[in-house]
Structures are given as C-alpha cells and as structure tokens.
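# Topology and contacts: notes
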Amino acid sequence: MTAPEAANLMSPLALFLHADVVVKAVMIGLLLASVWTWGIILTHGARLRRINAATNAWERDFWAAKDIDAFHEARGKDDLPSARIVTAGLTEWRRSVGLGSADRSGARERLTTVMSAEVEQELDRLSDRLNILATVASAAPFIGLFGTVWGIMRSFTAIAGANNTSLAVVAPGIAEALFATAIGLFAAIPALIAYNRLTHGLDRLEARLNRFADRFHATLSRELERDG
C-alpha cells in the first residue's frame with residue numbers, strides 16, 4: 001500500500017465509512033450533539049452580549065430620568081430584565097401605597113420579595129438550555145469511549161478470525177475506534193468551555209441586576225417614608 005493510499009484510508013471520511021454500524025451511530029450522535037452545542041453557544045452568547053449592552057443604556061437613562069413613572073410609562077415594556085424588575089417593584093409599591101397601611105416595614109419586605117423573585121425568574125429564563133452544554137461536556141467523552149471500546153473489540157475479533165497480528169490488519173479498526181473518542185472530545189471541549197464562560201456571564205449579570213434592584217428598592221423606600 002502506498003503512502004497516499006494509507007493517508008486516504010486514515011482520512012476522517014474513510015474512518016467513518018469503514019466503521020462498524022455501532023461506531024457509526026456513536027459518531028453521528030456526537031456530531032449532532034456538537035452541532036446542537038454550537039447552536040446554543042452562538043445564540044446564548046449573542047443574546048447575553050445584546051442584553052448587557054441594552055441594559056447599560058436602559059439603566060443609564062433610568063437613573064437620569066426626573067420622573068420614574070413617566071419613564072416607566074414610556075419604556076417599562078422594553079424586553080430587558082431591568083425593565084421587568086422596575087415593573088415588579090412599581091406594581092408592588094402602588095399596591096402597598098393603595099392599602100393606606102402604616103406598615104412601611106412590611107411594604108419594604110414585599111418589595112424585596114417581588115424584585116428578588118423577578119431577578120431569579122430572569123436568570124432562569126436566560127439560563128434555559130445551558131444544562132445541555134453541561135450534559136454534553138460530561139457525557140460526550142464517555143459516549144466516544146464506548147465507541148472506541150466497541151471498535152477495538154471488533155478489531156480483536158477480526159485478528160482472531162484472520163489469524164494475523166500484523167499492524168496492517170488491526171490499524172484501520174483501531175483508528176476507526178479512536179476516531180470516535182476524538183469526536184467525543186470535539187463535542188465535549190467547546191461545550192465545557194462555553195458552559196463555564198456563559199455561566200460566569202450570567203453570574204455577573206445576576207450580581208448587576210441585584211445591585212440595580214437594591215438601588216431601586218432604596219428609592220422606593222424613600223418614597224414610602226415621604227408618603228408616611
């Protein structure tokens with residue numbers, strides 16, 4: 001066998017085409033998982049960048065506004081976490097003021113509860129499908145390893161049937177088997193890196209939203225004092 005022929009036999013396409021049906025199924029599943037993973041990475045990464053940029057502008061305009069009610073009337077329905085936190089806080093504040101109750105401490109506790117719940121709800125919504133990245137990152141190497149073990153078992157069976165231990169006999173089968181592990185790592189490594197990066201980004205966004213909610217809570221608390 002010439003060197004070019006050997007190289008063609010070891011190409012990714014040739015390794016896939018000559019693999020056992022079980023190893024092929026493993027490879028196809030891992031490739032689909034990789035495509036799914038990259039779709040989640042790209043969509044979530046772009047959405048997180050867009051939300052951070054838009055939130056910067058929205059919060060800057062919010063704190064610069066002279067009339068919070070007028071600002072909320074104009075931009076309270078923006079599709080941003082900060083806007084929904086303000087809506088939740090103002091709704092509870094108006095309900096508490098409408099009760100005419102002197103229990104300002106209870107009103108503050110309710111404001112804290114509703115805005116904290118809104119922050120958690122926003123984080124739950126933004127973290128949707130990130131668990132898929134964690135699952136692929138942890139499971140893909142083992143799925144690839146299963147394909148490798150299966151392929152190596154098949155290679156040894158072929159050796160026993162051919163009564164030939166030549167490297168030329170076993171090399172293709174072992175290469176096909178190891179290729180399954182390579183695909184598993186190809187799917188797992190980006191998923192792991194992206195999961196850590198996106199989780200870090202969500203943690204920073206959560207801290208930012210909590211700071212915004214605390215500051216807005218202080219503003220509404222002053223309003224309660226003044227009304228009282």
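Computed from a predicted model, the values in this text were never measured in an experiment.

### Topic: the overall build of the protein chain
Counting secondary structure elements, the protein chain contains eight helices and zero strands. Along its sequence from the N terminus, the protein chain presents helices and strands in the succession α-α-α-α-α-α-α-α. When each of the 228 residues of the protein chain is scored for burial, the buried share is 37%. Excluding contacts between residues fewer than 6 apart, the proportion of contacts in the protein chain whose partners are at least 24 apart in sequence is 80%. For the protein chain, the accessible surface area stands at approximately 13,000 Å², while carbon and sulfur atoms represent 63% of it.

### Notes on the packing of helix 3 (residues 21–64) against helix 4 (residues 68–75)
Axis separation between helix 3 and helix 4 bottoms out at 9 Å; the angle between their running directions is 150 degrees. Contacts between helix 3 and helix 4 pair Trp 58, Asp 61 and Phe 62 from the former with Ile 68, Phe 71 and Arg 75 from the latter. Considering only residue class, the contact of helix 3 with helix 4 consists of four nonpolar, no polar and two charged.

### A short note on the packing of aromatic side chains
For the structure on display, the rule yields ten aromatic pairs. With 5.6 Å between their ring centres and 75 degrees between their planes, Phe 62 and Phe 216 make a pair best called edge-to-face. In this pair, Phe 62 is assigned in helix 3 and Phe 216 in helix 8 (residues 167–227), connecting sequence segments 154 residues apart. The exposure class assigned to Phe 62 is buried, which follows from its relative accessible area of 1%. One aromatic cluster is present, built from ring pairs that chain together Trp 58, Phe 62, Trp 63, Phe 71, Phe 212 and Phe 216. Arg 215 extends its terminal NZ or CZ atom over the ring of Trp 63, reaching a point 3.9 Å from the ring centre.

### Here's the deal with the environment of His 18
Residue position: His 18 is located in the loop between helix 2 (12–17) and helix 3. Along the primary structure His 18 and Glu 176 are separated by 158 residues, whereas in three dimensions their C-alpha atoms are 7.5 Å apart.

### Looking at the nonpolar core
Core analysis: the largest hydrophobic core is formed by 49 residues, its most contacted members being Trp 58 and Leu 133. When residues of this core are traced back to their parent elements, those giving at least two are helix 3, helix 5 (81–99), helix 6 (104–126), helix 7 (130–162) and helix 8. Tallying contributions element by element places helix 8 first for this core, with 17 residues. Sequence-distant contacts of Leu 133, defined by excluding residues within four places in its chain, comprise Thr 37, Ile 40, Ile 41, Ala 191, Ala 194, Tyr 195 and Leu 198.

### Concerning the UniProt feature "transmembrane region" (unreviewed entry) in the protein chain
Within this numbering scheme, the UniProt entry marks residues 21–42, 130–153 and 173–195 as carrying the feature "transmembrane region" (unreviewed entry). The span residues 173–195 is 100% helical and 0% strand by assignment, and the distance between its end C-alpha atoms comes to 34 Å.

### Structural notes on the pattern of salt bridges
Considering all chains together, one arrives at eight salt bridges under this definition. Here Arg 75 and Asp 61 are joined by a salt bridge, their closest N and O atoms 2.7 Å apart. Of the two residues, Arg 75 sits in helix 4 while Asp 61 sits in helix 3, which places them 14 residues apart along the sequence. Taking the relative accessible area as the measure of exposure, Arg 75 reaches 25% and is therefore partly exposed.

### A closer look at the environment of Leu 145
Here Leu 145 is to be found in helix 7. In the structure, Leu 145 is positioned 35 residues away from Ala 180 in sequence and 7.0 Å away in space, judged by C-alpha atoms.

### Remarks on the side chain of Ser 82
Within the fold, Ser 82 resides in helix 5. At 2.7 Å, the side chain of Ser 82 and the side chain of Glu 59 are in polar contact. Excluding residues that lie within four positions of it along the chain, Ser 82 makes contacts with Thr 55, Trp 58, Glu 59, Leu 209 and Phe 212.

Calculation notes
Residues numbered from 1 in each chain as written. Predicted model: local features only at pLDDT ≥ 70, side-chain atom pairs only at ≥ 80, totals over all residues. Heavy atoms only, no water. Helix = DSSP H or I, 4+ residues; strand = E, 2+ residues; numbered from the N terminus. Buried < 20%, exposed > 50% of the residue type's maximum accessible area, 1.4 Å probe, protein only. Contact = heavy atoms within 4.5 Å. Areas by Shrake-Rupley, 256 points an atom, 1.4 Å probe, with all protein chains shown as cover. Axes fitted to C-alpha atoms, helices over the stretch in contact; angles between N-to-C directions. Nonpolar A, V, L, I, M, F, W, Y, C, P; charged D, E, K, R; others polar. Phe/Tyr/Trp six-rings, centres within 6.5 Å; stacked < 30°, edge-to-face > 60°. Lys NZ or Arg CZ within 6 Å of the ring centre and 35° of its normal. Core = buried A, V, L, I, M, F, W, Y, C linked by side-chain atoms within 4.5 Å. UniProt positions renumbered as here; feature names shortened; annotations may be inferred. Salt bridge = Lys/Arg side-chain N within 4 Å of Asp/Glu carboxyl O. Polar contact = N/O pair within 3.5 Å; in protein donor to acceptor, adjacent residues only side chain to side chain.

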